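Residues per chain, in single letters:
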Amino acid sequence: MYVRPIPLYYKYLLTFIFVIEEINKDQTILPNVTLGYHIYDSCAQEKKAVKSVLQILSGSGKTIPNYSCMGHRTLSGFIGGHSSLTTLPMAQILAVYGYTQISYGGTSYLLSDRKFYPTFYRTVQGDAHSYSVLSGLIKMFGWTWVGVLASDDDSGNEEFQILTEYLTSDSICVAYIIKAKFYKLDVLHEMNKKRADIIRKSSAQVIILCGTYSTVLADLLAALREVINNKTLVFGPTFALIPFLMEHHMDVFNGSLALQPSSLPMLDMRSFYDSFQPINHPEDKLLELIWLLWKKCLSRDRKINKVYSEVYEISLHNCTGKQRITEFLSFHLPGLTDRVYKAVYSMALALHNMHMHLREESSQKIPPPYGYRHQIPMSQCSEKCNPGTRKVQTSALYSCCYSCVQCSEGEISNVTDSENCLMCADHEWPNEKKTQCVPKELEFLSYTNDTIIVIILIASVLLCFSTFLIIIIFILYQDTPLVKANNKNLSFLLLVSIMLSIISVFLFLGHPVDATCILRQISFGVLFSVAISCVLGKTIMVYIAFKASKPGSTWKSWISTKLSNCVVLMCSSIQMVICMSWVTISSPFQELDTHSYHGKIIVQCNEGSLIGFYSVLGYMGILAAISFITAFLARTLPDSFNEAKYITFSMLVFCSVWITMIPAYLSSKGKYTVAVEIFAILASCAGLLGCIFFPKCYIILWRPELNTRKHLLEKGCDQI
């Protein structure tokens, strides 16, 4: 088997020549400078690539490392190679000499190491990126069990390692790996048979190709043709850009998946390609050889005709010489043409920028200080400490030797080599780099920034609207026996106090100030005391009414609205006295808490006197407890007086809410403390409405037959 020159690779050569000619014609790039070039074919061999590089560096004749015979010609850089196999040894040599190299096909991740390859660049993506995408593609199809065919060289081992890492991270397992290793003919058949058995017995239906293309790999694909025909082959750009592989293994690769690199913009070179006809370029031996091998055209050189006719048994014939190179199908494949185009132009533009920069420097008449480098030499034991850090001595002998550490929490430094860091004020906090103090963020229950506000507003509006509807219902049905029997005056007062308590929630929202801090606690304490006093008054009246219903009872003289009014007035007045004393001695006020959270200022209400605050809560708890006990004792009265049963449930809910609220209130901070108190207010209001008034509304609206005097009398009730 002989290796033919490939038309697509010849296209890369023509692209290189085209770009050089275009740059030399363009007066805006490298004016008064003409680019020349040396072209060597490495034939995909590392040794030949190294020899070619040394030949270019040494000049014509024998290659002599570290010596150049080029005379006055200036070598600017290298373009190539075509694969990682030849690019790596080139980069190792050129890194020593400091020559720039731009590769259009070297994808090895090793070339990304700037320490070992400081002058290497490329116009193609590395293997790491390609295999990351490839692994994601396999994962997308749901394939978790795959086989691998790889070349038995450094490139194959390296790419397999990278591929395995990405597959593992995507939970994909490798069933087997088969390496395209060179074997002697006497053992090759047996090895290929074992390889075929591995693929045939495995349940993996997907095979990934990685590494470097070679004749050994091509022979392996040909030998395994039968077992991989029904498999799905997946491979990256390295194999996708090899036309020979696709042309000679079309049946194997039919239905396969390949990653194709995106195309880069470039000029239209069709007319330039078409001009390369054997008749127009008789000196181009490579072009002549392409037509000889691919189209069996006679060469001008009789010796070449004889060799290929006799050795390779090829029958040659005369051709017109006007055939176009673009007639080859593979010549129209994109391949790496755009990468070659980009590599040459990148090198030229870099030379242009350097050329213009040197011209600007030479036009300056002031000689640069310190000879040629324009910078003051550095001579320090330690690097300078940037703002945001401070110096810490690391040597007891030398004060100039130190290390740099970040400023502590809450501190900044805004100068270089700072000895100490500065503490920010209470209302400020360091920025991310700790170079400046910035104002802390204010935190409170905001109408614009907190989602919980929406929940509170919806709950408050619904409860307030429900209370308003109940008031309307009680006004419309105030002359019915059920409303009269349950002391309608206290019911109206209780409903109004509940509604005002719900509305008082809005004093807890938004940016607190001294006025809202005072009003929120006073309104909360007084309104809830009125509500519980009304509940207590209703409970007492139920109990007295039951006692008075017995014949000859002396309790009849106590049945009066005056008694219930006195209970409400007396109990509420005590709470008002407590609140006024609290406000007079030590009233609540707005407070800025700068210490609870880093980077935040909590805008909150300081209760002033904790004794006053807990006295209000304590008195309210006493009223609730008395109401609960009274209602509990009256719960077994006849159904006519069974409002005590509902009051019992309401007080049970009320007490449970506030007993739960106290530990939550004490353990929370900032706006969450306010949210806990709001929740307690709304929950207790909902408990009073639900347990006391919803059953009455149900009877009034949906069971009117129970809302009659006759029904009450049948239960043993005269009137209340």
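Residues numbered from 1 in each chain as written. Predicted model: local features only at pLDDT ≥ 70, side-chain atom pairs only at ≥ 80, totals over all residues. Heavy atoms only, no water.

### Brief notes about the state of the cysteines
No. 1: The full count for this structure, using the stated rule, is five disulfides.
No. 2: Covalently, C297 is tied to C319 through a disulfide, its sulfur atoms 1.9 Å apart. Between C297 and C319 the disulfide shows an S-S torsion of about -85 degrees. By sign, it is left-handed. With C297 in the loop between α13 (285-295) and α14 (302-310) and C319 in the loop between α14 and α15 (337-363), this pair connects stretches of sequence that are 22 residues apart. (Disulfide = S-S within 2.5 Å. Helix = DSSP H or I, 4+ residues; strand = E, 2+ residues; numbered from the N terminus.)

### What about the sheet that holds strand β15 (residues 441-443)?
No. 1: Strand order in this open sheet of three strands is β15-β17-β16, and the pairing throughout is mixed. Two strands close off the open sheet at either side, each with one partner strand: β15 and β16 (589-593). On average, each strand axis in the sheet is tilted by 30 degrees relative to the strand beside it, whichever way the strands run.
No. 2: As paired strands, β15 and strand β17 (residues 600-606) are joined by three bridges and run parallel to one another. Residue pairing in the sheet places E443 in a bridge with I602 of β17. (Pairing = 2+ DSSP bridges. Axes fitted to C-alpha atoms, helices over the stretch in contact; angles between N-to-C directions.)

### Focus on the packing of aromatic side chains
No. 1: Throughout the structure, instances matching the rule amount to 22 aromatic pairs.
No. 2: Between W294 and F328, the ring centres sit 6.4 Å apart and the planes meet at 75 degrees, which makes this aromatic pair edge-to-face. Within this pair, whereas W294 is found in helix α13, its partner F328 is found in the loop between α14 and α15, the two being separated by 34 residues in sequence.
No. 3: Every member of this aromatic cluster is reached through a ring pair, and the members are Y10, F18, F272, Y273 and F276.
No. 4: Taking NZ or CZ as reference, K391 lies 4.7 Å from the ring centre of Y402, over its face.
No. 5: When the ring centre of F693 is taken as reference, the NZ or CZ atom of K696 above it lies at 6.0 Å. (Phe/Tyr/Trp six-rings, centres within 6.5 Å; stacked < 30°, edge-to-face > 60°. Lys NZ or Arg CZ within 6 Å of the ring centre and 35° of its normal.)

### Details of the pattern of salt bridges
A side chain of one charge can pair with a side chain of the opposite charge when the charged atoms of the two come close.
No. 1: Counted under the stated rule, the structure contains six salt bridges.
No. 2: A salt bridge links R200 to D197; its shortest N-O distance comes to 2.8 Å. You can see R200 and its partner D197 sitting in helix α6 (residues 185-201), three residues apart, about one turn around the helix.
No. 3: With a shortest N-O distance of 3.9 Å, K285 and E288 are connected by a salt bridge. In this pair, K285 and E288 are both assigned in helix α13, three residues apart and thus about one turn of the helix distant. (Salt bridge = Lys/Arg side-chain N within 4 Å of Asp/Glu carboxyl O.)

### Remarks on empty space enclosed by the protein
Regions of empty space are outlined by a rolling probe, equal in size to a water molecule, passed over the atoms.
No. 1: Its boundaries defined by the atoms lining it, the largest cavity holds a volume of some 60 Å³.
No. 2: Forming the walls of the largest cavity are F444, L445, F508, G510, P512, R520, V603, Q604, C605, K671 and V674.
No. 3: Of all elements in the fold, only β17 and α23 (671-702) reach the threshold of two or more residues within the lining of the largest cavity.
No. 4: Counting residues per element, the lining of the largest cavity draws most heavily on β17, at three residues.
No. 5: In this structure, the second largest cavity encloses a volume near 50 Å³.
No. 6: Together, D127, S130, Y131, E159, L209, C210, G236, P237, T238 and F239 line the second largest cavity.
No. 7: Looking at the lining of the second largest cavity residue by residue, the class counts come to five nonpolar, three polar and two charged. (1 Å grid on protein atoms, 1.4 Å probe; cavity = no way out; pocket = protein on both sides within 12 Å on 5 of 7 lines; lining within 4 Å. Points joined across faces, edges and corners; volume = space filled by probe spheres on them. Nonpolar A, V, L, I, M, F, W, Y, C, P; charged D, E, K, R; others polar.)

### Focus: a nonpolar patch on the surface
No. 1: Together, F465, F468, L469, I472, I475, L476, Y477, Y698, L701 and W702 make up an exposed nonpolar region whose accessible area comes to about 1000 Å².
No. 2: Every element with two or more residues in the nonpolar patch is listed here: α16 (451-476) and α23.
No. 3: Mapped onto the elements, Y477 comes out in the loop between α16 and α17 (481-485).
No. 4: The exposure class assigned to Y477 is partly exposed, which follows from its relative accessible area of 31%. (Patch = residues over 30% accessible without salt bridge, like charges linked within 9 Å, V, L, I, M, F, W, Y side chains within 5 Å. Areas by Shrake-Rupley, 256 points an atom, 1.4 Å probe, with all protein chains shown as cover. Buried < 20%, exposed > 50% of the residue type's maximum accessible area, 1.4 Å probe, protein only.)

### Description of the packing of α16 against α23
No. 1: Close contact between α16 and α23 brings their axes to 10 Å; oriented N to C, the two are set at 30 degrees. The pairing of α16 with α23 is recorded here as roughly parallel in orientation. Handedness of the α16/α23 crossing: left-handed. Mapping the contact onto sequence places I452, I456, A459, S460, L463, T467, I470, I473 and F474 in α16 and A675, I678, L682, A686, L689, F693, F694, K696, C697, I700 and L701 in α23.
No. 2: For the contact of α16 with α23, the class distribution of residues is 17 nonpolar, two polar and one charged. (Parallel < 35°, antiparallel > 145°, perpendicular 65-115°, else oblique. Left-handed = near helix turned anticlockwise from the far one by under 90°. Contact = heavy atoms within 4.5 Å.)

### Comments concerning α13
No. 1: Considered for burial, the residues of α13 that qualify are L287, E288, I290, W291, L292 and L293.
No. 2: Measuring from the backbone nitrogen of L286 back to the side-chain oxygen at the start of α13 gives 3.2 Å, which picks out D284 as the cap. (Polar contact = N/O pair within 3.5 Å; in protein donor to acceptor, adjacent residues only side chain to side chain.)

### A look at the sheet that holds strand β1 (residues 77-79)
No. 1: Pairing in this open sheet of three strands is parallel, and the strands run β1-β2-β3 from one edge to the other. Looking at which strands have only one partner, the edges of the open sheet turn out to be β1 and β3 (120-122). Ignoring strand direction, the axes of neighbouring strands in this sheet form an average angle of 20 degrees.
No. 2: In this structure, β1 lies alongside strand β2 (residues 100-103), joined through three bridges in parallel fashion. For I79, the partnering residue across the bridge sits in β2 and is I102.

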